[in-house]
Amino acid sequence: KKATANRILLDGSLLGGVLTFKEAGIGDIAGSAINLRGAILGLDKGLPEFRKLALGVASRQPSALASLAGISSQGLDGLGPLTAQAILDGGLEELGIALSAEAQGAQLRLDGKTAHLISLEPRFEGRAEVRHPNLAQLLNQPGNWGPLHATSPLSADPSRIELKDL
């Protein structure tokens, strides 16, 4: 797929195998803005390590952005505007992840660590949190069922996802 990218900004450096993004981004591509800050270390030594690498996306059309990236956009057409930010910190054997996203009035947060991403046994251990001011609206049901606020420890690997305290 083709798309026009506008307002491209890249302020960074590559020194001694460390790629630093002071500020980088695309102001408009497929109805979305994307920004990047932080650093990637070890590019001259094999496996990279991330230092507070923050990727932010604000999209008016998540399905158009997904299609451009070659990802199935099924289920995204009715989503509406989406904002998301992910922060990566660490190496591929133990990577800290903080993810936050907002869509349709709902907020999602995932915080935790991955382990063994480059092996056949990757896993994630952390915490998940979901908030919405009206559960009925989130589930496309009539009425007002009141707010949703759920938090739980989360464990995941390729064969399962487990929310422990719901």
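Look above for the structure.
What comes next is a walk through the structure.

Conventions used here
- Residues numbered from 1 in each chain as written.
- Predicted model: local features only at pLDDT ≥ 70, side-chain atom pairs only at ≥ 80, totals over all residues.
- Heavy atoms only, no water.
- Core = buried A, V, L, I, M, F, W, Y, C linked by side-chain atoms within 4.5 Å.
- Buried < 20%, exposed > 50% of the residue type's maximum accessible area, 1.4 Å probe, protein only.
- Helix = DSSP H or I, 4+ residues; strand = E, 2+ residues; numbered from the N terminus.
- Contact = heavy atoms within 4.5 Å.
- Pairing = 2+ DSSP bridges.
- Patch = residues over 30% accessible without salt bridge, like charges linked within 9 Å, V, L, I, M, F, W, Y side chains within 5 Å.
- Areas by Shrake-Rupley, 256 points an atom, 1.4 Å probe, with all protein chains shown as cover.
- Salt bridge = Lys/Arg side-chain N within 4 Å of Asp/Glu carboxyl O.
- Axes fitted to C-alpha atoms, helices over the stretch in contact; angles between N-to-C directions.

**What about the nonpolar core?**
Soluble globular proteins tend to bury their nonpolar side chains together. The biggest cluster of nonpolar side chains holds eight residues, and these are Phe 21, Ala 24, Leu 36, Ile 40, Phe 50, Leu 53, Leu 92 and Leu 95. Every element with two or more residues in this core is listed here: strand 2 (18-29), strand 3 (32-41) and strand 4 (49-59). For Ile 40, the contacting residues outside a window of four places in its chain are Gly 17, Val 18, Leu 19, Phe 21, Pro 48, Glu 49, Phe 50 and Leu 53.

**Focus on the pairing of strand 10 (residues 160-163)**
Summarising the sheet, strand 9 (residues 148-157) and strand 10 pair through four bridges and their orientation is antiparallel. Bridge pairing links Leu 154 to Leu 163 in strand 10. Here strand 9 folds back onto strand 10 in antiparallel fashion, the turn holding two residues.

**Observations concerning a nonpolar patch on the surface**
Together, Leu 47, Leu 117 and Ile 118 make up a nonpolar patch on the protein surface, roughly 270 Å² of accessible area in all. Structurally, the position occupied by Ile 118 is in the loop between strand 7 (106-115) and strand 8 (123-132).

**With respect to the side chain of Ser 32**
Residue placement: Ser 32 occurs in strand 3. Overall, the relative accessible area of 2% leaves Ser 32 in the buried class.

**Considerations on the sheet that holds strand 4**
Taken in spatial order, the 10 strands make up an open sheet running 1-2-3-4-5-6-7-8-9-10, and their pairing is antiparallel. Here the strands that pair on one side only, and so sit at the sheet edges, are strand 1 (5-15) and strand 10. Averaged over all neighbouring strand pairs, the angle between strand axes comes to 10 degrees, with direction disregarded. Pairing geometry for strand 3 and strand 4, over nine bridges, is antiparallel. Along strand 4, the bridge assignment pairs Leu 36 with Leu 55.

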